[in-house]
Amino acid sequence: MKVGFIGLGNVGGKLSGSLLRNGIDLTVHDLSKDLVADFVARGAKAATGPAQLMRECDAVITCLPSPAASDAVMQEMLPEVTKGKIWMEMSTTDEAEVKRLGAMVMERGGAAVDCPVSGGCHRAATGNISIFAGCDRATFERIAPFLKTMGRRILHTGDLGSASVLKVVTNYLATANLVTCCEALVVAKAAGMDLNTAYEAMKISSGTSFVHETESQVILNGSRDISFTMDLVKKDIGLFQEVADRAKVPLEVSPMLIDIFNDGIARYGDRELSPNIIKRLEEATGLDIRAPGFPPEMLDDEPEEPGYEVIPQGTTR
């Protein structure tokens, strides 16, 4: 099967890189000519636009920064959708929007999948990231080889849209973890604790989390670089709040997180690295939350291995 990939940014560039590295017949498109040229130099083909990709490829993957961008790309691709074509949306997007776009694809005989990723850009680079996939089972079986090439742990979440709901649920949890880790580190410093020791205490305790074991390291290094920015956090937690609002769930913590990141964006700009939300507390306390010995970026030291399907507890395949 020929695969097209649209969106070669922080995440998309790494996911498509895994496809290319593992011998998939890949054609790419991005608004950045430099990013496209880099992929062509490594063996990919370049398309003139989304329409050509859908016309010439069996499956087209989009990994874009906003629902509006996905809609714009879909409008170009749609006339080329025919029976058997597959659209795979790997962007973090709204459940209702992916269902709307997917319905147009399916009306023309194609198949639609929402398959966002989770686990950080460092794992996207090594092919060890997790991928959710929302679609019918037959389509899942068709695309499973590509998903297992781009990611390690693959979860079929149910019908189209289900993966997008679960993606914003998990991003909400990651944001809550980030904010609480920031508060915990600042309180530990203010209470006179050594931050290296505090990091280890948190890591080996019931208070640990994936976010602490990864993002707290670059916070303490001072780089705060996880290749993710405050505007993207705001988008993700806003999508989570919209899911809750549609389901009429009265949340308490979620609105507070939205307020915190709105304030962070007002202070530092929407393209500020998301872990720098800790600067609000550093400025309020006059404390410097850095410590020696931590890396400037998150690294994945797991070897690249073939992906596999995760089977939910209590179910069988």
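In what follows, the accompanying structure is described. Please read all numbers here as calculations on a predicted model, not as lab measurements.

Here is what the cut-offs are and how they apply
Residues numbered from 1 in each chain as written. Predicted model: local features only at pLDDT ≥ 70, side-chain atom pairs only at ≥ 80, totals over all residues. Heavy atoms only, no water. Buried < 20%, exposed > 50% of the residue type's maximum accessible area, 1.4 Å probe, protein only. Helix = DSSP H or I, 4+ residues; strand = E, 2+ residues; numbered from the N terminus. Arc of directions from axis to C-beta. Polar contact = N/O pair within 3.5 Å; in protein donor to acceptor, adjacent residues only side chain to side chain. Salt bridge = Lys/Arg side-chain N within 4 Å of Asp/Glu carboxyl O. Pairing = 2+ DSSP bridges. Axes fitted to C-alpha atoms, helices over the stretch in contact; angles between N-to-C directions. Parallel < 35°, antiparallel > 145°, perpendicular 65-115°, else oblique. Contact = heavy atoms within 4.5 Å. Nonpolar A, V, L, I, M, F, W, Y, C, P; charged D, E, K, R; others polar. Phe/Tyr/Trp six-rings, centres within 6.5 Å; stacked < 30°, edge-to-face > 60°.

Quick look at helix H9 (residues 195–203) now. For H9, the set of buried residues is Leu 195, Ala 198, Tyr 199 and Met 202. Down the axis of H9, the buried set is contained in an arc of 105 degrees. They therefore lie on one face. Two or three places before Asn 196, at the start of H9, stands the capping residue Asp 194, its side-chain oxygen 3.2 Å from that residue's backbone nitrogen.

Applying the stated criterion across every chain yields a total of 23 salt bridges. Of the charged contacts, one joins Glu 302 and Arg 123 as a salt bridge, the two residues approaching to 3.6 Å between their closest N and O atoms. Taken together, the positions of Glu 302 in the loop between helix H13 (279–285) and strand E10 (308–309) and Arg 123 in helix H6 (residues 121–126) put the pair 179 residues apart, joining distant regions of the chain. By relative accessible area, which is 25% here, Glu 302 ends up partly exposed. Of the residues examined, Arg 123 reaches a relative accessible area of 22% and is grouped as partly exposed. One connected set of salt bridges, linked through shared partners, spans Arg 123, Arg 152, Arg 153, Glu 302 and Glu 305.

Attention now moves to the pairing of strand E6 (residues 111–114). Of the two faces of E6, both are covered, the one formed by Ala 111 and Val 113 as well as the one formed by Ala 112 and Asp 114. Here strand E5 (residues 86–89) pairs with E6 via four bridges, running parallel. Following the sheet pairing, Glu 89 is matched in E6 by Asp 114.

Moving on to the packing of H9 against helix H10 (residues 210–221). Remark: H9 packs on H10, axes separated minimally by 11 Å, with the N-to-C direction vectors making an angle of 170 degrees. When the interaxial angle is binned, H9 and H10 end up roughly antiparallel. Seen from H9, the contacting residues are Leu 195, Tyr 199, Met 202 and Lys 203; seen from H10, they are His 212, Glu 213, Ser 216, Gln 217 and Leu 220. Taken together, the residues that form the contact of H9 with H10 break down as four nonpolar, three polar and two charged.

It is worth spelling out unusual backbone geometry at this point. Non-glycine residue Arg 224 carries a positive phi angle of around 60 degrees. With respect to the secondary-structure elements, Arg 224 resides in the loop between H10 and helix H11 (230–246). Judged by relative accessible area, Arg 224 falls into the buried class, the value being 4%. One non-glycine residue, Ser 227, lies in positive phi territory at about 55 degrees. Looking at Ser 227, the relative accessible area reads 27%, which means it is partly exposed.

Each C-alpha atom of the pair Arg 123 and Gly 264 lies 26 Å from the other, and the pair is 141 residues apart in sequence. When sequence neighbours within four positions are dropped, the list of residues in contact with Arg 123 reads Asn 128, Ile 129, Arg 153, Phe 210, Asp 300 and Glu 302.

So, about the packing of aromatic side chains. Applying the stated criterion across every chain yields a total of two aromatic pairs. Each ring, one from Tyr 199 and one from Phe 294, has its centre 5.1 Å from the other, and the planes form 70 degrees; the classification is edge-to-face. Separated by 95 residues along the polypeptide, Tyr 199 in helix H9 and Phe 294 in the loop between H13 and E10 bring together distant segments of the chain. Under the relative-accessibility criterion, Tyr 199 is labelled buried at 2%.

So, on to the side chain of His 29. Relative to the elements of secondary structure, His 29 occurs in strand E2 (residues 25–29). Owing to a relative accessible area of 14%, His 29 belongs among the buried residues under this scheme. Excluding residues that lie within four positions of it along the chain, His 29 makes contacts with Phe 5, Ile 6, Gly 7, Leu 8, Val 36, Ala 47, Thr 48, Gly 49, Pro 50 and Leu 53.

On the secondary structure map, His 212 appears in helix H10. Looking at His 212, the relative accessible area reads 0%, which means it is buried. In terms of polar contacts, His 212 uses its side chain to reach the backbone amide nitrogen of Lys 203, at 3.5 Å. In terms of polar contacts, His 212 uses its side chain to reach the side chain of Ser 216, at 2.9 Å. Leave out the neighbours within four places in its chain, and His 212 touches Cys 181, Tyr 199, Met 202, Lys 203 and Gln 217.

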